[in-house]
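Here is what each chain is made of, one letter per residue.
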Amino acid sequence: PKHTKVKDVLTLARRLLQMDHINVLRCFEVAEDKEHLYFLYEYIVCRTLASAVEGEEQSTWTLPQVANVSRECCAAIAIGAGSVGLQHLDLSPEHVLLPIDDATGQARVGTSFAKVFGVGLFGVVYEGFKDRVTWPPEVRQAYSQAIVQKRDSVVTSLQSHDKARLDSWSLGTIMYTILEGRLPYKHSADRILKSEVKP
């Protein structure tokens, strides 16, 4: 994003390299050239949670396996915020990586560790509106308004209490997705989305 400053990238890089947890995809090095930033992460053979749900693999998971994946996602977010001060802010089923079973080619849960990718990147490395149905409706609305008004930094324009809610809300939608095999909302339009969210 245009608003990103050198110190923002340096702070992100330092914190990413400090973050070492079994449920977070490990970043080993950050480099740059004249035009690009490079983030070197550990390599794992995996499927995303989104891919597993699309293939209906989660329908075969036991409740303890579902609970385990959910717990590991929570652990990843907690370690990011608690140990190095990084929020995800863009957590979705695409960011949850599940190791693949060599025999079946399907996601392996319960015997291996799920890993979360992308902690800290949103708002510094990339920023842009898309179908963020894992966000609370009021935060989606504030975010889309900031884009329309062409504010320098859309993420920093969000209130701190809104940002603090993002990852918690997103974790809830991921747990729902694992249990039901779909996101909890059918529509991305803010007006319709609000009507689907029950108090």
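Residues numbered from 1 in each chain as written. Predicted model: local features only at pLDDT ≥ 70, side-chain atom pairs only at ≥ 80, totals over all residues. Heavy atoms only, no water.

**Student:** Tell me what's going on with the overall build of the protein, and back it up with residues and numbers.
**Tutor:** Tallying secondary structure elements over the protein gives seven helices and five strands in all. Within the protein, buried positions represent 41% of all 199 residues. Long-range contacts, defined here as pairs at least 24 residues apart, represent 66% of the contacts in the protein between residues at least 6 apart. (Helix = DSSP H or I, 4+ residues; strand = E, 2+ residues; numbered from the N terminus. Buried < 20%, exposed > 50% of the residue type's maximum accessible area, 1.4 Å probe, protein only. Contact = heavy atoms within 4.5 Å.)

**Student:** Describe in detail the packing of aromatic side chains, supporting the description with residues and values.
**Tutor:** For the structure on display, the rule yields one aromatic pair. Geometrically, the ring pair formed by Tyr-41 and Phe-117 is edge-to-face, given 5.1 Å between the ring centres and 75 degrees between the ring planes. With a gap of 76 residues between them, Tyr-41 in strand β2 (residues 37-41) and Phe-117 in the loop between β5 (115-116) and α4 (137-148) connect regions that are remote in the sequence. (Phe/Tyr/Trp six-rings, centres within 6.5 Å; stacked < 30°, edge-to-face > 60°.)

**Student:** For helix α3 (residues 63-83), give the residues involved together with the corresponding values.
**Tutor:** If you check α3, its first and last C-alpha atoms are 29 Å apart, about what 21 residues at 1.5 Å a residue would give, namely 30 Å. Among the residues making up α3, those that are buried are Val-66, Asn-68, Val-69, Ser-70, Glu-72, Cys-73, Ala-76, Ile-77 and Gly-80. Immediately beyond the C-terminal end of α3, within one or two residues, lies Gly-85, with a positive phi of roughly 70 degrees. (Expected span 1.5 Å × (residues − 1).)

**Student:** Which residues make up the pattern of salt bridges, and what values go with them?
**Tutor:** Inspection of every chain in the model, using the stated rule, returns four salt bridges. The residue Asp-20 makes a salt bridge to Arg-26 at a minimum N-O spacing of 3.4 Å. Judged by its relative accessible area of 56%, Asp-20 falls in the exposed class. (Salt bridge = Lys/Arg side-chain N within 4 Å of Asp/Glu carboxyl O.)

**Student:** Explain the pairing of β2 to me, using residue names and the numbers behind them.
**Tutor:** Relative to β2, strand β1 (residues 27-32) runs antiparallel, the two sharing five bridges. Each bridged residue has a counterpart across the sheet, and for Glu-32 the counterpart in β2 is Leu-37. In this structure, the hairpin formed by β1 and β2 is closed by a connection of four residues. (Pairing = 2+ DSSP bridges.)

**Student:** Pulling in residues and values, what's your account of the side chain of Asp-167?
**Tutor:** Here Asp-167 is to be found in helix α6 (residues 160-180). What makes Asp-167 buried here is its relative accessible area of 6%. A distance of 2.9 Å separates a polar side-chain atom of Asp-167 from the backbone nitrogen of Leu-89. The contacts of Asp-167, once residues within four sequence positions are left out, are Ile-77, Gln-87, His-88 and Leu-89. (Polar contact = N/O pair within 3.5 Å; in protein donor to acceptor, adjacent residues only side chain to side chain.)

**Student:** Which residues make up the sheet that holds β5, and what values go with them?
**Tutor:** Overall, antiparallel pairing links the three strands, which are arranged β3-β4-β5 in an open sheet. Either end of the sheet is taken by a strand with one partner, and the two such strands are β3 (46-48) and β5. Two elements, strand β4 (residues 96-99) and β5, share two bridges in a ladder whose sense is antiparallel. Within β5, the residue paired with Val-96 across the bridge is Val-116.

Function-wise, these values are silent; they only describe arrangement.
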